[in-house]
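Summary of the model geometry
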Amino acid sequence: MSQNHFTPETTRLDDAARAGWLYYVAGNTQDEIARKLGVSRQTAQRLVAMALAERLVKVRLDHPIGRCMDLARALQDRFGLLTAEVAPSDPEAPDLLAGIAIAAAAHLERVLKSPERRIVSLGTGRNLRATVEQLPRMTCPQHVVVSRLGNMMEDGSATPYNATIRLAERIGAPHFPYPLPVLARDAAELAAMQGQQAARNTIDLCARADLSLVGIGQMDMTAPLHVDGFLSKAEMAQLARAGAVGEITSWVYDARGQVIDCDFNRRVASAPLPCGSDRPVIAVASGQAKLPAIRAAMVGGLINGLITSEATAERLLA
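Residues numbered from 1 in each chain as written. Predicted model: local features only at pLDDT ≥ 70, side-chain atom pairs only at ≥ 80, totals over all residues. Heavy atoms only, no water.

**Comments concerning the overall build of the protein**
For the protein, the count of helices and strands is 14 helices and ten strands. Buried positions account for 49% of the 318 residues belonging to the protein. Considering only contacts within the protein whose residues lie at least 6 apart along the sequence, 71% involve residues at least 24 apart. When the 34 basic and 33 acidic side-chain charges of the protein are each reduced to a single mean position, those positions are 2 Å apart. (Helix = DSSP H or I, 4+ residues; strand = E, 2+ residues; numbered from the N terminus. Buried < 20%, exposed > 50% of the residue type's maximum accessible area, 1.4 Å probe, protein only. Contact = heavy atoms within 4.5 Å. Lys, Arg positive; Asp, Glu negative; His and termini not counted. Charge placed at Lys NZ, Arg CZ, Asp CG, Glu CD.)

See below:
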C-alpha cells in the first residue's frame, strides 16, 4: 500500500478529516487507522490530533446531565425565561468558555435547520465569536444574519469579536452589517445616521429577528466598553454612581434591568433592545464578574433566554 503524502494543505486536512472520522465516529483504534490509511501509527496519531486542532471534529455530549437540566428549569421558573440551557462546568475551571459556546452553537444549529426563512440577529463579544466557531458549516441561503450594533471604533477600525460576518460565511447566508459606529458624537448626529435607509433596514430586521443572540458585559474596570476605549475612567465612575451593573450591545442598565437615562446611552447607535419581546432574545454569558449583569438582565426582561455554565447557574440561584 502506498504511503500517503501530506504536504499540500488540502490533502493534509482531508487525511486528518478521515482519521478523525475513523477515530471519533467509527470507533477505530489508532493502529486500525494507521492500517486503513497506510501510514505509521505516529502519523495516525498526529492526524487525529490535527482533526481536533483544526476543528474538523467537534465533540458534543448527547447524554443530558440531570443536574444541569434541573438548574436550567430553576432559572426558567425563577426569572420567567422562555428558555435556559446550562452547560457542565469543569470544577477546576468553572468559567471555561468552551462549554457554553458548544451549547449555544447547538441551539443556533437547531434554528438554522429550519427550511423556512429565519432572521438571526447577533450582538458581539468573545462568547458569540466562540459560538460561531463551534457551529458546523451549513448551507442556509434562506436565512438572514444581521448585526445589532456597529462594528467600527471611533477611529474607524473594526471592533474585535464581531461574529456576524463570520456566521454568514459559515452558513452561506446573506448578512446585514450595522452600518453605523458603536457611538455617535451626540444625539443630533445619531438621529441623522439612523435616518439613513440602510440603517433603518437593519434596525427593522433586528426588530423582526426570529432569534437574537447577545453577550452581556460587566461594568467594572474590566468592562469591554472601558477596555475598548468607549468609556473613560471618569465616565465609568459616573455610570457607577447611576447604578450601572451591565451592558448589552452597549446599552448600559441598572440592577433592575432598566436602561439608564444618561448621556452615554443617548449616543448609543445599536438597535434598540427588544425588551419584553416574545421572540427569543438569548444571552450567552457566564462568570463571576458578570453575575450582577446577568441577573439584572433577566429581572428587567432585557433577555428571555440564557445559555450559561453550571457554576454560574448555581451562583445565580444561590
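**Considerations on the pairing of strand S10 (residues 305-309)**
S10 sits mainly inside the fold: five of its five residues count as buried. Alternating residues of S10 divide into Gly305, Ile307 and Ser309 and Leu306 and Thr308, and every residue in both groups is buried. Bridge count between strand S1 (residues 83-87) and S10: five bridges; the pairing is parallel. What sits directly across from Ala84, in S10, is Leu306. In terms of strand pairing, strand S9 (residues 281-284) meets S10 through three bridges, oriented parallel. The residue bridging Ala283 from the neighbouring strand is Leu306, located in S10. Following the backbone out of S9, through helix H13 (residues 291-299) and into the adjacent parallel S10, one traces a crossover that is right-handed. (Pairing = 2+ DSSP bridges. Right-handed = clockwise from strand over helix to strand, strands pointing away.)

**Thoughts on the pattern of salt bridges**
Tallied over the full model, the rule gives 14 salt bridges. One salt bridge connects Asp204 with Arg208, and the closest N-O pair in it is separated by 3.0 Å. Look at Asp204 and you get partly exposed, because its relative accessible area is 38%. By relative accessible area, Arg208 is classed as partly exposed at 35%. Where Arg256 meets Asp254, a salt bridge forms, and the shortest distance between an N and an O atom there is 3.2 Å. (Salt bridge = Lys/Arg side-chain N within 4 Å of Asp/Glu carboxyl O.)

**Looking at the nonpolar core**
Generally speaking, soluble globular proteins have nonpolar side chains that are buried together. Of all hydrophobic cores here, the largest spans 45 residues; its most connected members are Leu75, Ile216, Met219, Ile248, Tyr253 and Ile303. Of all the secondary structure elements, the ones that give two or more residues to this core are helix H4 (66-79), S1, helix H11 (233-241), strand S7 (244-248), strand S8 (251-254), S9, H13 and helix H14 (310-317). When residues in this core are grouped by element, the largest group, six residues, is from H13. Here Ile303 is in contact with Leu81, Val214, Ile216, Ile248, Val281, Ala283, Ala297 and Met298, once residues within four sequence places are set aside. By size, the runner-up hydrophobic cluster in this structure holds 28 residues, among which are Leu108, Val111, Ala168 and Leu211. (Core = buried A, V, L, I, M, F, W, Y, C linked by side-chain atoms within 4.5 Å.)

**What about H14?**
Among the eight residues that make up H14, six are buried, leaving the element largely enclosed by the rest of the structure. For H14, the complete set of buried residues consists of Glu310, Ala311, Thr312, Ala313, Leu316 and Leu317. Looking at the packing, one finds that the buried side of H14 touches H4, S1, H13 and S10.

**Some points on the confidence of the model for the protein**
Mean pLDDT over the protein stands at 89; residues scoring 70 or higher make up 91%. Note on residues 1-7: pLDDT under 50 across the span, and 19 contacts to partners over four residues away in sequence or across chains. (pLDDT = per-residue confidence, 0-100.)

**Quick look at unusual backbone geometry**
Positive phi outside glycine occurs at Thr249, with the angle close to 45°. Mapping Thr249 onto the fold places it in the loop between S7 and S8.

**Focus on the sheet that holds strand S3 (residues 144-150)**
Pairing is parallel in the open sheet, where seven strands are placed in the order S1-S10-S9-S5-S2-S3-S4. One side of each edge strand has no neighbouring strand; the edge strands of this open sheet are S1 and strand S4 (175-178). The average angle at which neighbouring strand axes cross in this sheet is 15°, direction not considered. (Axes fitted to C-alpha atoms, helices over the stretch in contact; angles between N-to-C directions.)

**Digging into the packing of H4 against H14**
Their axes nearest at 10 Å, the elements H4 and H14 cross at an angle of 40°. Here H4 is positioned oblique relative to H14, judged by the angle of their axes. The element H4 and its partner H14 pack so that their crossing is left-handed. Every residue of H14 that contacts H4 at Arg67, Cys68, Leu71, Ala74, Leu75, Arg78 and Phe79 is listed here: Glu310, Ala313, Glu314, Leu316 and Leu317. Residues that form the contact of H4 with H14 fall into these classes: eight nonpolar, no polar and four charged. (Parallel < 35°, antiparallel > 145°, perpendicular 65-115°, else oblique. Left-handed = near helix turned anticlockwise from the far one by under 90°. Nonpolar A, V, L, I, M, F, W, Y, C, P; charged D, E, K, R; others polar.)

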